[in-house]
Every structure is written in C-alpha cells, then in structure tokens.
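# Descriptive structure summary
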Amino acid sequence: MTPHVEPDPQAGAAVKAADRAHVFHSWSAQGLIDPLAVAGAEGSYFWDYDGNRYLDFTSGLVYTNIGYQHPKVVAAIQEQAGKLATFAPAFAVDVRSEAARLIAERTPGDLDKIFFTNGGAEAVENAVRMARLHTGRTKLLSAYRSYHGATSTAINLTGDPRRWASDTASAGVVHFWAPFLYRSPFYATTEAEESARALQHLEDTIAFEGPATIAAIILETVPGTAGIMTPPPGYLAGVREICDKYGIVFILDEVMAGFGRTGKWFASEHFDVVPDLMTFAKGVNSGYVPLGGVAINAEIAATFDKRPYPGGLTYSGHPLACAAAVATLRVMEDEKVVEHAAHIGENVLGPGLRELAERHPSVGEVRGMGVFWALDLVKNKETREPLVPYNAAGEANAPMAAFGALAKKNGLWPFINMNRTHAVPACNVSEAEAKEGLAALDAALAVADEHTA
C-alpha cells in the first residue's frame, strides 16, 4: 500500500502551524510536543505530508480494530447521514435499536440492556453511578496498574500516574493490588500462588474497608495501557465469588480489550466470567464516530423500571455512531475478524514476540493474546529492573525515546508506555503486516539492548 496523495510538505506545514496555534492536546506540556501532521490512512497504515508511511502498531489508541477507512463502515456513515444524521436520545431510532441488539447478542450472560455514551470514560462514570444507586452504597474498589478514563470519577478509579494531578481523595475510591506475577506484589512464584494471594488481599481490603460500604469493584478484564497483564487462572472467577458473597457489583471494563482485541468478542470469554455491568467503547465501531456504553444485567436494569435513572447524554446513541457500530459488527462477523485476531496472536505475533525475547537482552517478558501484546523491557533479565524508572521523563526516559525514534525511522509507529512497548495492531492486520511490524521491532530493540547490563 502506498500513500494516496502526493507528498506536499507545504500543506503539512500549514496543518501543523494551525495545530500549534489553536489545538490544546491531551496529556501534554503544550510547548514540548511536536505532533505529526497526518495526511491520510487506510487499513493498518497511515502517512504524513512528506510521504512517509507508518505501520500503525497502536491502532490509534487501541481502537481501530478493523483498521482505517473500511469502505463498508464509511459507506454506512454516509448513508445514515443522508437518512437521519442525528436525533435526540429519548426516541426509538432504528439504527440505535439495532446497534444495541447486536451488542447485546455478543455480551455474556444477561447483559442485554445497553446504555450508550460518547466513549469509555463516560461509560465508567455511568456504570459506577448505576452500581451506587442499585446498592445504596458509595465506596468503589479499583486496581493499581489500571486506566479507566479521564472524567471525574473515572480518573480517580485509574491506578496509574495520570490520576495523581486530579485525585482529590474524595471520590470514595480505594485501590488494591491485582495479580501480576512478573512483578508480583505478593512474592508469589506461580500463577496459582499469585491468584490465591491476590484474592486474599482483595478480601482483606474489603474486610477492613467494610463490606457494607462498597458499591462496586471495577477491573479491566485484561489491563491495557498499564501493561496487558493477563489475569492468572481462577482470579476473575474468584473476584466474581467475592462480589456475590458481599453483595458488591462486579464491573468489567472492556473498553480496550473488547470487540475482538483478545481473539474473543470480549476478553471475559477467556475466563468464563459474567460481570454485573460491562463498559465498552473503542472497538465497538473502530472509533470511526465516538461511541461507548454500559451493558447492564437484568437485576440492575430492573432497579430502574419504576425509578428514573438520573443520568443521560445529549448524544447518547447518536445515529451516526450507531450506524458505524452496526456496520463494524457486521464486517467483523462477515470477515471473521475475531477469529483472525486469535489466529494472528497464536501463530504470528505470539511466536514472533517470544522469539524476539530470546534474542534481545532488553526483553524481560512477553505477555498477551490475540492482537493485544506487551514487551516488558528491562535492564537485566535476572533482576527484572525496568529499562527506565516508573513514570520516567526527560533524560531518565532516553532509552525508550531512542527505541521509539528508531521504530518510527523504520516505518513502525509503536505504542510505548513507561518501560513497555505494546504490539496492538488492527484485529484484521495481515500476516505479512504483522511480520513487518516484528521486523521493525527487532531492529529498534537493538537500541534498548545497549542499555542492558
């Protein structure tokens, strides 16, 4: 695939100048960033105005699950815009109803009611609001090494440094340690030990916080940005049992892991666990139009049969977003995208990444499934010391910055967070594209290797 426009550096400079003059970027010191001006994208690639093409191993922000510019989804958005571009959420609209039906068909258990939001953070906000109203309790438990969004409660639920600047310690959130055997907080040596000790830690936390005060426990089914730490066997089932024991609502955050990312429609299917509420966004329509939501079980939905739910959004179930979702889900079904993601993980990315780990001293661990993988980069494989310190910036982060720069020079746009690089291409990435990405990672890891001991 080649760029569909001729290089035009002058146009790129104009785009960048307007961006610098008027766009305020998220998570950034505005004067220290230099955003790439993007000229176009298709499938697994995007390109700039200088004609440089990049294989996107980030899927945007892990959401373009069917790649960029899928013609059937683009056509569905265009058709919906001509038919009914928008309508208020209080009405029944055909495409909104169909999107909800198709999502409910794929969610586990009796998660058959769908509340639409504009994205994942709003989905989390509304899920915990539902849990609090359903239980009459206020306290929320979430894990360290997690991300749940940047809105008021969602950022307090988040368990990484992005929370710190906004954490008022007044949102009723208590954090606990979830399992992560490679860097175990429980000194475990096996998955069974890690699972058992993590569950005991969670139950101890509940006991000391007061079970009758806790409305919900929220977990990313497979934590995403925090490191793609697949939970050990039995852990999520154990959390389900604990929630049932104490009458606590169990929320699974599938915003990143859902809709094919792990090789299943939802990551919870790998663990045979059904939550009470499930949040989703991103891959539901490949991010073509902002859309998220909460899938609600029958018991919690019944809470609001005669009692108004005190929440809503102007653009809830926006027709254009729902049309994109309907088309995306049909494409994923027709083109067997979920099955393909499982195949790529099992036969290409998984083996390829593990082979890189064998040859590169900087790769401490390979984790993941489907098209959802992380390389944990280290200074020393024996000590497992991270390649850069936790939340490193500036000179302290130089090894990761050098790794990222070389990857981009080789035509790969990498996903980098702290001491990790994630391999999270589109769910329909081809075998050839996945191997191209592995080759670029191989070359870039040579820079990381220079910082090992």
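Residues numbered from 1 in each chain as written. Predicted model: local features only at pLDDT ≥ 70, side-chain atom pairs only at ≥ 80, totals over all residues. Heavy atoms only, no water.

With that settled, the discussion passes to the packing of helix α4 (residues 94-106) against helix α10 (residues 319-334). Direction vectors running N to C along α4 and α10 enclose 40°, while the axes themselves pass 8 Å from each other. The pairing of α4 with α10 is recorded here as oblique in orientation. Note on packing geometry: the crossing formed by α4 with α10 is left-handed. Residues Val95, Arg96, Glu98, Ala99, Leu102, Ile103 and Arg106 of α4 form the contact with α10, whose participating residues are Pro319, Cys322, Ala323, Ala325, Val326, Leu329, Arg330 and Glu333. Tallied by class, the residues present in the contact of α4 with α10 amount to ten nonpolar, no polar and five charged. (Axes fitted to C-alpha atoms, helices over the stretch in contact; angles between N-to-C directions. Helix = DSSP H or I, 4+ residues; strand = E, 2+ residues; numbered from the N terminus. Parallel < 35°, antiparallel > 145°, perpendicular 65-115°, else oblique. Left-handed = near helix turned anticlockwise from the far one by under 90°. Contact = heavy atoms within 4.5 Å. Nonpolar A, V, L, I, M, F, W, Y, C, P; charged D, E, K, R; others polar.)

This part takes up the sheet that holds strand β9 (residues 277-280). Here we have seven strands laid out as an open sheet, ordered β4-β10-β9-β8-β7-β5-β6, and mixed in their pairing. What marks the edges here is a single partner per strand, and that holds for β4 (113-117) and β6 (173-176). The average angle at which neighbouring strand axes cross in this sheet is 20°, direction not considered. Packing of α4 onto the sheet brings it into contact with β4 and β9, and relative to β4 it is tilted by some 120°. Its contacts with the sheet place helix α7 (residues 191-209) against β5 (139-143), β6 and β7 (214-220), and it is angled at close to 150° to β6. (Pairing = 2+ DSSP bridges.)

This next bit is on the packing of aromatic side chains. The description of an aromatic ring pair uses the distance of the two centres, along with the angle that the planes make with each other. Applying the stated criterion to the full structure yields ten aromatic pairs. An angle of 65° between the planes, with centres 5.5 Å apart, marks the rings of Phe46 and Trp413 as edge-to-face. Pair noted here: Phe46 is in strand β2 (residues 45-48) and Trp413 is in strand β14 (residues 412-413), with a separation of 367 residues, a long-range link. An aromatic cluster of at least three residues, connected via ring pairs, comprises Phe46, Tyr54 and Trp413. The ring of Trp265 has Arg106 lying over it, and the distance from NZ or CZ to the ring centre is 4.7 Å. Note that Arg162 overlies the ring of Tyr147, its terminal NZ or CZ placed 4.0 Å from the centroid. (Phe/Tyr/Trp six-rings, centres within 6.5 Å; stacked < 30°, edge-to-face > 60°. Lys NZ or Arg CZ within 6 Å of the ring centre and 35° of its normal.)

Here Thr117 lies in strand β4. Taking the relative accessible area as the measure of exposure, Thr117 reaches 0% and is therefore buried. Among the polar contacts listed, one links the side chain of Thr117 to the backbone oxygen of Gly119, at a separation of 2.8 Å. At a separation of 3.2 Å, a polar atom in the side chain of Thr117 contacts the main-chain amide nitrogen of Gly293. (Buried < 20%, exposed > 50% of the residue type's maximum accessible area, 1.4 Å probe, protein only. Polar contact = N/O pair within 3.5 Å; in protein donor to acceptor, adjacent residues only side chain to side chain.)

This brings us to empty space enclosed by the protein. The full count for this structure, using the stated rule, is one cavity of 30 Å³ or more. By volume, the largest cavity is sized at about 160 Å³. For the largest cavity, the lining is made up of 17 residues, of which Ala178, Pro179, Leu219, Glu220 and Pro223 are closest to its centre. Looking at the lining of the largest cavity, the elements with two or more residues in it are β7 and α8 (235-246). Residues of the lining of the largest cavity, tallied by class, amount to twelve nonpolar, three polar and two charged. (1 Å grid on protein atoms, 1.4 Å probe; cavity = no way out; pocket = protein on both sides within 12 Å on 5 of 7 lines; lining within 4 Å. Points joined across faces, edges and corners; volume = space filled by probe spheres on them.)

Glancing now at the nonpolar core. Counting 70 residues, the largest nonpolar core has Phe116, Leu349 and Leu353 as the members making the most contacts within it. Residue contributions to this core peak at eleven residues, all from α10. Setting aside its immediate chain neighbours within four residues, Phe116 contacts Arg96, Ala99, Ala100, Ile103, Phe280, Leu291, Gly292, Gly293, Leu313, Ser316, Gly317 and Cys322. Ranked by size, the runner-up nonpolar core spans 34 residues in total, among them Val62, Leu199, Phe250 and Val424. (Core = buried A, V, L, I, M, F, W, Y, C linked by side-chain atoms within 4.5 Å.)

In this section: the packing of helix α3 (residues 71-83) against α10. Relative orientation of the contacting elements α3 and α10 amounts to 150°, with a least axis distance of 8 Å. Like other packed secondary-structure pairs, α3 and α10 cross with a definite hand, here right-handed. On α10, the residues touching Lys72, Val73, Ala76, Ile77, Gln80 and Ala81 of α3 are Pro319, Leu320, Ala323, Ala324, Ala327, Thr328 and Val331.

Tracing the backbone through its elements, the reader meets Arg163 in the loop between α6 (152-157) and β6. Polar side-chain contacts of Arg163 include one of 2.8 Å to the side chain of Asp167. With near-sequence residues (within four places) excluded, Arg163 lies in contact with Ile155, Asn156, Thr158 and His175.

With mixed pairing, four strands are arranged side by side in an open sheet as β1-β2-β3-β14. Both outer strands of the open sheet, β1 (38-42) and β14, are each paired with one neighbouring strand and no more. Relative to β2, β1 runs antiparallel, the two being bridged by four bridges. Among the inter-strand pairings, Gly40 is bridged to a residue of β2, identified as Trp47. The strands that helix α13 (residues 431-449) touches are β2, β3 (53-56) and β14; relative to β3, the one it contacts most, it runs at about 105°.

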